[in-house]
Protein chains: 4
Amino acid sequence: MNGYPKGICMGVMALKAGIVGATGYGGAELIRILNHHPQFELASLYSSSRQGESINNQYPHLTGCASHVLEEIDAYRMAQELDVIFLAVPSGVASQMAPELAGAGCTVIDLSGDFRLNNPSDYEKWYKKSPPSSEWSKKAVYSIPELCKEKLAKDSLLISNPGCYPTATLLGLAPLASNRLVREESVIVDAKSGVSGAGQTVALGNIFCECNENLKIYKVNQHQHIPEIEQMLKAWGYMSPITFSTHLVPMSRGIMATIYLTLNEHLDEDEVLQLYTEFYEDSSFIRVRQRGEFPSTKEVTGSNFCDIGVTVDTRTKRVTIVSVIDNLMKGAAGQAVQNANLLFGMEETAGLAMTPFYP
Amino acid sequence: MNGYPKGICMGVMALKAGIVGATGYGGAELIRILNHHPQFELASLYSSSRQGESINNQYPHLTGCASHVLEEIDAYRMAQELDVIFLAVPSGVASQMAPELAGAGCTVIDLSGDFRLNNPSDYEKWYKKSPPSSEWSKKAVYSIPELCKEKLAKDSLLISNPGCYPTATLLGLAPLASNRLVREESVIVDAKSGVSGAGQTVALGNIFCECNENLKIYKVNQHQHIPEIEQMLKAWGYMSPITFSTHLVPMSRGIMATIYLTLNEHLDEDEVLQLYTEFYEDSSFIRVRQRGEFPSTKEVTGSNFCDIGVTVDTRTKRVTIVSVIDNLMKGAAGQAVQNANLLFGMEETAGLAMTPFYP
Amino acid sequence: MNGYPKGICMGVMALKAGIVGATGYGGAELIRILNHHPQFELASLYSSSRQGESINNQYPHLTGCASHVLEEIDAYRMAQELDVIFLAVPSGVASQMAPELAGAGCTVIDLSGDFRLNNPSDYEKWYKKSPPSSEWSKKAVYSIPELCKEKLAKDSLLISNPGCYPTATLLGLAPLASNRLVREESVIVDAKSGVSGAGQTVALGNIFCECNENLKIYKVNQHQHIPEIEQMLKAWGYMSPITFSTHLVPMSRGIMATIYLTLNEHLDEDEVLQLYTEFYEDSSFIRVRQRGEFPSTKEVTGSNFCDIGVTVDTRTKRVTIVSVIDNLMKGAAGQAVQNANLLFGMEETAGLAMTPFYP
Amino acid sequence: MNGYPKGICMGVMALKAGIVGATGYGGAELIRILNHHPQFELASLYSSSRQGESINNQYPHLTGCASHVLEEIDAYRMAQELDVIFLAVPSGVASQMAPELAGAGCTVIDLSGDFRLNNPSDYEKWYKKSPPSSEWSKKAVYSIPELCKEKLAKDSLLISNPGCYPTATLLGLAPLASNRLVREESVIVDAKSGVSGAGQTVALGNIFCECNENLKIYKVNQHQHIPEIEQMLKAWGYMSPITFSTHLVPMSRGIMATIYLTLNEHLDEDEVLQLYTEFYEDSSFIRVRQRGEFPSTKEVTGSNFCDIGVTVDTRTKRVTIVSVIDNLMKGAAGQAVQNANLLFGMEETAGLAMTPFYP
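The present account deals with the structure reproduced in this document. Counting restarts for each chain, with residues numbered from 1 along the sequence as it is written. Chains and ligands are labelled sequentially in the order written, the chains with letters from A and the ligands with numbers from 1. Selection of residues for local features in this predicted model requires a pLDDT of at least 70, selection of side-chain atom pairs for listing and counting requires 80 or more, and totals for whole chains, interfaces and linings are taken over all residues. Water and hydrogen atoms were dropped before computing side-chain values, which therefore reflect all heavy atoms in the structure.

## Describing the sheet that holds strand β10 (residues 255-261) of chain D
Residue and element names in this part refer to chain D.
Okay, so step 1: What makes two strands pair is DSSP finding at least two bridges between them. Counting from the N terminus, the helices are the DSSP runs of H or I reaching at least four residues and the strands are the DSSP runs of E reaching at least two. Overall, mixed pairing links the 7 strands, which are arranged β8-β9-β7-β10-β13-β12-β11 in an open sheet. The open sheet terminates on both sides in strands that have one partner only, identified here as β8 (216-218) and β11 (286-288). For this sheet, the mean inter-axis angle between neighbouring strands, taken without regard to orientation, is 20 degrees.
Okay, so step 2: Where β11 meets strand β12 (residues 306-312), 3 bridges bridge the pair, whose relative direction is parallel. Among the inter-strand pairings, V288 is bridged to a residue of β12, identified as I308. Fitting a line to C-alpha atoms yields each axis, with helices limited to the stretch in contact; the angle taken between N-to-C directions then spans 0 to 180 degrees.

## Examining the interface of chain B and chain D
Okay, so step 1: Here, two residues are considered to be in contact whenever any of their heavy atoms come within 4.5 Å of each other. Facing 19 residues of chain B, the contacting portion of chain D comprises 19 residues.
Okay, so step 2: With both chains or domains summed, chain B and chain D bury close to 1600 Å², and 67% of this area falls on carbon and sulfur atoms.
Okay, so step 3: Accessible-area loss on putting two parts together, using a 1.4 Å probe and summing over both, is the definition of buried area adopted here. When residues of chain B are sorted by the area they lose upon contact with chain D, I207(B), F208(B) and C209(B) head the list and together hold 39% of the total.
Okay, so step 4: Any Lys or Arg side-chain nitrogen located within 4 Å of an Asp or Glu carboxyl oxygen qualifies as a salt bridge. There are 0 salt bridges connecting chain B and chain D.

## Observations regarding the relation of the copies chain B and chain D
Okay, so step 1: With an RMSD of 0.0 Å, the operation that places chain B on chain D is a rotation of 180 degrees combined with a shift of 0.0 Å along the axis. Such values leave the two copies arranged in the relation of a two-fold axis.
Okay, so step 2: When the interface residues of chain B are mapped onto chain D, 100% of them are again interface residues, pointing to one common binding face. Each copy is superposed on the other by least squares, with the fit set by C-alpha atoms of residues at a pLDDT of at least 70 in both.

## Side note on the packing of aromatic side chains
Okay, so step 1: Pairing of aromatic side chains requires ring centres within 6.5 Å, counting the rings of Phe and Tyr and the six-membered ring of Trp. Pairs whose planes differ by under 30 degrees are stacked, by over 60 edge-to-face, and all others tilted. All told, the structure shown has 28 aromatic pairs over all chains when counted by the stated rule.
Okay, so step 2: For the ring pair F279(A) and Y280(A), a centre distance of 4.9 Å and an interplane angle of 80 degrees mean the geometry is edge-to-face.
Okay, so step 3: Residue F279(A) is classed as partly exposed on the basis of its relative accessible area, which comes to 30%.
Okay, so step 4: Judged by centre distance (5.6 Å) and plane angle (85 degrees), the ring pair of Y165(C) and F244(C) falls under edge-to-face. Residue Y165(C) is located in helix α9 (residues 164-177), and its partner F244(C) is located in strand β9 (residues 243-248); the two are separated by 79 residues in the primary sequence.
Okay, so step 5: The rule is simple: take the accessible area with a 1.4 Å probe, protein chains only, and divide by the maximum for that residue type; under 20% is buried, over 50% is exposed, in between is partly exposed. A relative accessible area of 2% places Y165(C) in the buried class.
Okay, so step 6: F244(C) sits in the buried class, given a relative accessible area of 1%.

## Considering the side chain of S137(B)
Residue and element names in this part refer to chain B.
Okay, so step 1: Here S137 is to be found in helix α7 (residues 134-139).
Okay, so step 2: Its relative accessible area of 16% is what places S137 among the buried residues.
Okay, so step 3: Not counting residues within four places of it along the chain, the set of residues in contact with S137 comprises F115, L117 and P132.

## Considering the side chain of E146(A)
Residue and element names in this part refer to chain A.
Okay, so step 1: Position of E146 among the secondary structure elements: in helix α8 (residues 145-148).
Okay, so step 2: Distance and chemistry together define a polar contact, namely a pair of N or O atoms within 3.5 Å, with one atom able to donate a hydrogen and the other to accept it when in protein, and with adjacent residues in sequence counting only for side-chain atoms on both sides. Here the side chain of E146 touches Q338 through a polar contact of 2.9 Å, side chain to side chain.
Okay, so step 3: Residues in contact with E146, not counting those within four places in the same chain, are L171, Y280, S283, F285, I286, K330, Q335, Q338 and E348.

## Looking at the sheet that holds strand β2 (residues 40-46) of chain B
Residues and elements named next belong to chain B.
Okay, so step 1: Across the sheet, which stays open at both edges, the 6 strands sit in the order β2-β1-β3-β4-β6-β5 with parallel pairing between neighbours. With partners counted over all chains shown, the strands left at the sheet margins are β2 and β5 (141-142), one partner each.
Okay, so step 2: Strand direction decides the pairing type here: strand β1 (residues 15-20) and β2, joined by 6 bridges, are parallel. Across the sheet, V20 pairs through a bridge with Y46, a residue of β2.

## Focus on the interface of chain D and chain A
Okay, so step 1: Taken together, the 48 residues of chain D in the interface contact 48 residues of chain A.
Okay, so step 2: At the boundary of chain D with chain A, total buried surface from both sides reaches about 3900 Å², with 52% on carbon and sulfur atoms.
Okay, so step 3: Together, E213(D), L215(D) and R315(D) form the three largest contributors to the area buried by chain D at its contact with chain A, with a combined 18%.
Okay, so step 4: Between chain D and chain A we count 4 salt bridges in total.
Okay, so step 5: Linking K192(D) and D190(A) is a salt bridge whose minimum nitrogen-to-oxygen distance equals 3.0 Å.
Okay, so step 6: At the junction of chain D and chain A, the tally comes to 35 residue pairs in polar contact (both at pLDDT 80 or more).
Okay, so step 7: Mapped onto the side of chain D that touches chain A, the elements with two or more residues apiece are α6 (120-127), β7 (188-193), α10 (208-211), β8, α11 (226-235), β9 (243-248), β10 and β13 (319-325) of chain D.
Okay, so step 8: Classifying every residue of the side of chain D that touches chain A by side-chain character gives 21 nonpolar, 14 polar and 13 charged. Side-chain classes are defined by residue name, with Ala, Val, Leu, Ile, Met, Phe, Trp, Tyr, Cys and Pro counting as nonpolar, Asp, Glu, Lys and Arg as charged, and the others, Gly among them, as polar.

## Here we look at the nonpolar core
Okay, so step 1: Nonpolar cores were defined as sets of buried Ala, Val, Leu, Ile, Met, Phe, Trp, Tyr and Cys residues, with membership established by side-chain atoms within 4.5 Å. Residues F86(A) and F86(C) are the most contacted members of the largest nonpolar core, which totals 92 residues.
Okay, so step 2: Filtering out sequence-adjacent residues up to four positions away, F86(C) remains in contact with A17(C), G18(C), I19(C), V20(C), L30(C), L34(C), I109(C), L111(C), A336(C), V337(C) and A340(C).
Okay, so step 3: Counting residues in hydrophobic clusters, the runner-up holds 91 residues, among them Y25(D), F40(D), M346(D) and M354(D).

## Observations concerning the environment of L215(D)
Okay, so step 1: With respect to the secondary-structure elements, L215(D) resides in the loop between α10 and β8.
Okay, so step 2: Expressed as a C-alpha distance, the spacing of L215(D) and L261(D), which sit 46 residues apart in the sequence, is 24 Å.
Okay, so step 3: The residues touching L215(D), leaving out its near neighbours within four places in the chain, are K192(A), V249(A), M251(A), M256(A), S296(A), T297(A), H247(D), L248(D) and V249(D).

## As for helix α12 (residues 269-279) of chain B
Residues and elements named next belong to chain B.
Okay, so step 1: Residues of α12 that are buried: E269, V272, L273 and Y276. Along α12, the residues classed as buried sweep out an arc of 100 degrees about the axis, all on the same side.
Okay, so step 2: The elements touched by buried residues of α12 are α9 (164-177), β11 (286-288), β12 (306-312) and β13 (318-325).
Okay, so step 3: The N-cap of α12, judged by a side-chain oxygen 3.2 Å from the amide nitrogen of D270 a few residues on, is D268. Arc definition: directions from the helix axis to the C-beta atoms.

## Topic: helix α11 (residues 226-235) of chain C
Residue and element names in this part refer to chain C.
Okay, so step 1: In terms of residue burial, α11 counts as a mostly covered element, since 8 of its 10 residues are buried.
Okay, so step 2: Here α11 has its buried residues at I226, P227, E228, I229, E230, Q231, M232 and L233.
Okay, so step 3: Considering only its buried residues, α11 is in contact with α6 (120-127), β5 (141-142), α8 (145-148), α9 and β9.

## Some words on the packing of α9(B) against helix α11 (residues 226-235) of chain B
All names here are of chain B.
Okay, so step 1: Relative orientation of the contacting elements α9 and α11 amounts to 20 degrees, with a least axis distance of 10 Å. On the basis of their axis angle, the class for α9 and α11 is roughly parallel. Helix-helix and strand crossings are classified by hand; for α9 and α11 the assignment is right-handed. Contact residues: α9 offers P166, T169, L170, L173 and A177, while α11 offers E228, I229, M232 and L233.
Okay, so step 2: For the contact of α9 with α11, a count of residues per class yields 7 nonpolar, 1 polar and 1 charged. Throughout, the term roughly parallel applies to angles under 35 degrees, roughly antiparallel to angles over 145, roughly perpendicular to angles from 65 to 115, and oblique to all others. Should the near helix be turned counterclockwise from the far one by less than a right angle, the crossing is left-handed, whereas a clockwise turn marks it as right-handed.

## Thoughts on the relation of the copies chain D and chain A
Okay, so step 1: Superposition of chain D onto chain A requires a rotation of 180 degrees combined with a translation of 0.0 Å along the rotation axis, giving an RMSD of 0.0 Å.
Okay, so step 2: Of the interface residues in chain D, 100% have counterparts in chain A that sit at the interface too, so the contact is made through matching surfaces.

## Some words on the environment of A174(A)
Residues and elements named next belong to chain A.
Okay, so step 1: Inspection of the secondary structure puts A174 in helix α9 (residues 164-177).
Okay, so step 2: Spatially, the C-alpha atom of A174 lies 8.5 Å from that of L233, the residues being 59 residues apart in sequence.
Okay, so step 3: In this structure, A174 is in contact with L147, N179, W236, F279 and Y280, ignoring residues within four places of it in sequence.

## A look at the pattern of salt bridges
Okay, so step 1: Throughout the structure, instances matching the rule amount to 72 salt bridges over all chains.
Okay, so step 2: Between E228(C) and R116(C) there is a salt bridge; the shortest N-O distance is 3.3 Å. Here R116(C) lies in the loop between β4 (107-110) and α6 and E228(C) lies in helix α11, a separation of 112 residues in the sequence. In terms of burial, E228(C) and R116(C) fall into one category: buried.
Okay, so step 3: Linking E81(D) and R77(D) is a salt bridge whose minimum nitrogen-to-oxygen distance equals 3.2 Å. Of the two residues, E81(D) and R77(D) are both situated in helix α4 (residues 75-81); the distance of 4 residues between them amounts to about one turn of the helix.
Okay, so step 4: Three or more residues joined by partner-sharing salt bridges are found here, namely E29(A), R32(A), R253(A) and D326(A).

Right, dumping it as structure tokens:
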């Protein structure tokens, strides 16, 4: 009994949603969204470590908004009671849980990296963990909705929600790359993230005094989101490895990908801007900036928007693309709900039409 | 033709709302709320300096959410077209505009300090400006809804929305003070605010490098919110002047009032907590914390909540109350909409049931 | 063989200093100071957990400035080789180490709270740990140099360096309290600290996303620095318990104590200011602000200054005192070196005359 | 009468230094350095707008450290009284002042961009201002000491101190570029700066709430530091224009340049690291990180260090270089004093051997 058929016929009746890993920041953001979603009902929260506690112990800010008691994970019962499960657990854990839950008939939206890579040896190499079951890896549908919408039109039980960096990067690259306009070996992505990208991880590198008034580069050439980006680029015909760097910025939320590339053929700035504008004409969450304007991260904070600015340097002929998202929204929980909306035949923007939070 | 009678009979038909001073942070927050309000429609935005421009020039984050062109202020037309006007202009400006707008028949919610003080000489002394018209000063209804709800039950054209510090402070003090349990001369309020409290003011003291990694005290014993707090305390029978300090904290949003006082009679911590819990039993936006727990500002960010923790020190017998709000929400735009909701006979929480934004 | 006699006769010859607990923020700040001290030589660093590693593993910022290998703690050897040991380890650990080190003849400056309270039962109650040896507790000299200078004039082997909050608070209170001008039961201290006050502790409450854009109150009426402040106040004849609150501010460094009190006798603002100015006339590190001016924390960052502003409210007659320090400098490492300077007969400001770091 | 001959023969006698534009952040940092410099004496501060005021009005943090009264600019008198003038005024102003001061015989270290570009038309194009006098443009010596030391060995009256971004970028590129190992058209620099890079400018984009929790890109392909970098690269034989982006990071201090390039010939990571290590062997302020380690900005805060990490990606063969400085130190005031030290025949590190400020 999964939610999909119910989704199709449901009218105003709510679909029941559960969150596994509700105590992390991704989980908290899912709660914030689902609390106000017109068609999903936030039915249950699950935690492997804190079951029996109220979510308000962990998150007093949710008092009066969501006061669920954290439940034990029980695939059989969850499949009986829920229409969709958002899996907001770490990579390596999701690969264990997802097959059992989806196997029991639940629709699972997995926010981890476990089912994003088609090639198990890529997973092993970049995640340094055992790859997930190849059966479920094949069944999983990877979806950035703006780029993969058609793939969701099947009866899928397992959606692999994209990574935060790949979302910002691929949305920034798509109009050029999917049109095979990018010269091989030319793509460099300089990406920057707020600290919530590391979750609620309690580690030295994460404490306030180490991050505040500090800008750090990390995992140079080694970030596990690299193969995820390259996999999509290859599907578009761009075959070279990319250069990709990640930086930790002293702010809680926000990702900016500054993308550099050279074109295969001559296009001037107006032509490139027109390409972007047309490419995203029907994408509610993508806002392409006007000539000469570039987005900053705060302009999308709290929303599911991805804002994109693009320019062509007349001196170097190189294209610079600036793509920003809120890493917890379009980069995680927001996109997960967007995928669920589409999967269940709802409006893509249902529950996601938040005005950005400023300042 | 004002909105009040329409409000009473309207059903689902939207009431038209306008914002004067839409380009400030208070204005931006009103836009964020009204964008998602079930019964108010954000009809028009006004600016005295930037008319003819799109609000998106000032606030690109609103692109696709609100793209109004800023209009010229024209009281007659506004009264024709709008049901309610939110006045988000500086003190000294509101006193000029409100009488004309309300006189033309518009319902005005004034977010400035101009109509908060009953006594014109208090206004002159603390604001160092000419007091507003005494006619409209008398007509204005000052309303922290949790404490003054009954006052809104009349056909008021001018609501004076409380200050951010007085809101946090008076909600923290009310259960004890309105029950005459506070010893005279004992109240000390140590208040702290994020920098958005100063609005979008471009001034040296406001620039990033002067505020970041810095904690500043300002207007010691001289803040214009002091007489506003004392006026309410006097209405409750507490007659002494208070000691009140304000500090600027390196964060964008949030106010914490740490309040110290001595009781008139012996009450232990459980009795005080029970008093608070019962006092706010029917107040959707007030969350009284459990024994031993105190709120932090982030726990109410982006919401209209006021969270309160209280303790009685067994050593000193002194009561410490911690009251936090989001200064732009419960301290300004949120409370303004709450007042409008009540005035027009809507649910008090209409458009305001946001889950706090965390982290 | 301790450093004291050497100190007296030394001329330009350097005294050898060691730091135990060099890997914490207090230790790092001691390294920063001693690196540039004209008379102390930073001879050795000690760590109980990371011995054998270079300090540069923990702190790459020290590369080329201090590259000591962390050594094992060995009281006998340390007493042979060092003139003074700065003990920058947690409370509860210092009480174990200090007696052995001082017993072996080393001069020990203890930055922990272990030897600050005269009364062992106070220690047990507030620190919730077993009290230190009563022999060494009695021998330990507690010293805020501006207030206790004469106490250092003896051959002491164990200096108890004051807490950060007590330093800011007592320096703010001293001119009035030591002159018995403070009315009993009137003192309230609302204190605020940057996050480095919690050290390099890796704990959930300490991670960036929990502290950033957040203001938290903690340990209300329960902070272990309360009895330390009261002990000094009692020595000055102020016998009541104080009300004392601590807040965590989203910045790395800085403490502000906002102090409220009522006078025993009438003094106007000029008289109070004069009292402060004269009281601290010979104190190089205390800067009393002019009438109407108050310090912010950034104005002392990186220095050993304590800046004090004071005002008398004509309405309430209450005195408000604002006292700011850098918690790692005057609140810890700076004051420790100041104590060592005095103990060894050097200039009080030796190695400590840093210009504050701004912005 | 300029300081140069005095510098040569002076022994311990101090040279007199003046700062024009002392009220900006660059000026304040010069004061912090010169206050503790063993051979320069901070003789006079100058301001065109605030003469007659104490510097303590602007900067209370300097009270007791530097309390000069701001003087009027008078080239003749300054040349009489001073050995060296640090010109910390905006571009466009320095070009007016420097010729008069240097013409009167003062040694001038100009921190502005006015004398950095050899080609006046470049200046006009990128600075959008009239170029400085070509006579003085030619006399001016541009100096990043690690790269241009030999140029200072002449009797120069006007030193053009490099820009913050060019300093980080060129120090990062030098070992490869000056050895002609960089493939044409391959250099991309993604640079990030703290907000103090904009000085004490009071502008909307600079206020706390606009910068905090925000990452902004600005002046894409248009930053006036681009021709400064390219000019040096051309001197090394790299002739193509570069791609260069600048981002504003929510922190006060720090610059990181993340530099991407392709090599002309095959070098593996160890060879590149060895090249860097040897290139900077004698440079006290350059710290090349070990294999696999990259600097963060906080690790150089408050110091004159430039820390560099470098890696060669085995997949893309591309080199990634990470270069960090404190923009107010090595990026401005620190390097200016370093240049002055060399010019006057002092130790290069005199007054600049600060341990970084952490955390």
